[in-house]
Amino acid sequence: MSPSAIERPTILVVDDTPANLSLLNAFLGRDYRILLANHGVKALQLASEHQPDLILLDIMMPDMDGYEVCRRLKADEALRRIPVLFLTARTEIGDEEQGFALGAVDFIHKPISLPIVAARVRSHLQLKVWQDFLLDQNAWLRREVERRLSDINRFQDASILTMVSLAEFRDECTGNHIHRTQEYVRLLAQQLAHLPRYQHQLTQNHIELMSKSAALHDVGKIAIPDHILLKPGKLTEEEFIIMRTHAQRGYEMLARAGEHLGEHGEFLKLAKDIARYHHEKWDGSGYPNGLQGHAIPIAARLMAVADVFDALLTRRPYKEPFPMSEVVTIMKQGSGNHFDPEVIDAFLVILPQLEEVVRCETDA
């Protein structure tokens, strides 16, 4: 509970009539700590300095009326939650409508009935105690949710790192390839997000999850035998058939991991899509399912471009790296058959940024 629920609550009484101030001070002072103000400026000053638990506010005052005082109180983040009860001789419905619109919680009409004042003050103070309690609980719940989400994110990152480390252990070329392709996917998605088709789907949060999950695109290679995965020469047809199973095997690994961890969120869906479909081709000639066009998830279409681009630039046991000019030519030729043409358009726009990623990784 808030301190005001244990200590004497503080009430600010604002009225330009000394007799009213004196009367309310004598009557309420037996149970509450009273602050007195005879004009609006002083009321705002006292409210700011002491942050009372409740304000009794006269409407008709010179220079600054009660409506304006209330308006300024509600505009101040630190004071807006203080309940304001208007004291007024006005009885028109429009006057009350205006007061409630400004944020007042009640009206007490003059001439003042002290028992009514006492009852209204007591009711609104009790209500404020519960409102403060609920707000404190909500704040605690928000902090707890954020803490647990942070724990989940750290666990998620640790899980990714473990899986990626396994893949790196099997193939020493994998580590830098993973880091580069993650960045390629991020940059391609950010560029593609400018298109109307993708501006609602490719939010910054979605792009970050996509980039993070891209690290798991080849996790299925853990299941490929060493004599095939690490073969220095060209694979035979039979070996290539086995190598191609890494896409489906990666998907199955992630699906099983998700079942055990109770994870069915956006991150796991993206990771499974990328692992399973990043070797699908725009014209339907890819594997493992022969998907075509937009039937291939966008995350996998981005990963396909990132994966091939980096593979062409990288020295492997069975090949030397291609020069950048030749790589760009091959990527262009793949538009509309291997790759989504819109993704290749994005690739060409951000090519200088992709080249910078390559240089930074090489220098490192």
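Residues numbered from 1 in each chain as written. Predicted model: local features only at pLDDT ≥ 70, side-chain atom pairs only at ≥ 80, totals over all residues. Heavy atoms only, no water.

Enquirer: Which residues make up the UniProt feature "modified residue: 4-aspartylphosphate" (unreviewed entry) in the protein chain, and what values do they have?
Expert: Within this structure's numbering, the places UniProt gives as "modified residue: 4-aspartylphosphate" (unreviewed entry) are D58. Here D58 is to be found in strand β3 (residues 54-58). On the accessibility criterion, D58 (3% relative accessible area) is buried. If sequence neighbours within four positions are ignored, D58 has contacts with V14, D15, D16, G66, L87 and K110. (UniProt positions renumbered as here; feature names shortened; annotations may be inferred. Helix = DSSP H or I, 4+ residues; strand = E, 2+ residues; numbered from the N terminus. Buried < 20%, exposed > 50% of the residue type's maximum accessible area, 1.4 Å probe, protein only. Contact = heavy atoms within 4.5 Å.)

Enquirer: Explain the nonpolar core to me, using residue names and the numbers behind them.
Expert: Counting residues in hydrophobic clusters, the biggest one holds 45 residues, and the most contacted among them are L192, M210, L302, V305, F309, M331 and F347. Only α6 (174-192), α7 (204-213), α11 (266-277), α12 (298-313), α13 (324-333), α14 (341-349) and α15 (351-363) provide two or more residues apiece to this core. Residue contributions to this core peak at 10 residues, all from α12. With near-sequence residues (within four places) excluded, M210 lies in contact with V185, A189, L202, L270, I274, A299 and L302. One finds L12, A37, L79 and F107 within the second-largest nonpolar core, a separate group that totals 24 residues. (Core = buried A, V, L, I, M, F, W, Y, C linked by side-chain atoms within 4.5 Å.)

Enquirer: Which residues make up the sheet that holds strand β2 (residues 33-37), and what are the values?
Expert: One key point about sheets: their strands pair by backbone hydrogen bonds, in either a parallel or an antiparallel sense. Strand order in the open sheet formed by five strands is β2-β1-β3-β4-β5, with parallel pairing between adjacent strands. Since the sheet does not close on itself, it has two edges, and those belong to β2 and β5 (106-109), each with one partner. When strand polarity is set aside, the average angle formed by the axes of neighbouring strands in this sheet is 20°. Sheet topology note: the strand β1 (residues 10-14)/β3 ladder contains four bridges and is parallel. Bridging across to β3, V13 finds its partner in L56. Contacting β1, β2, β3 and β4 (84-88), helix α1 (residues 18-28) crosses the sheet at an angle of about 175° to β2. (Pairing = 2+ DSSP bridges. Axes fitted to C-alpha atoms, helices over the stretch in contact; angles between N-to-C directions.)

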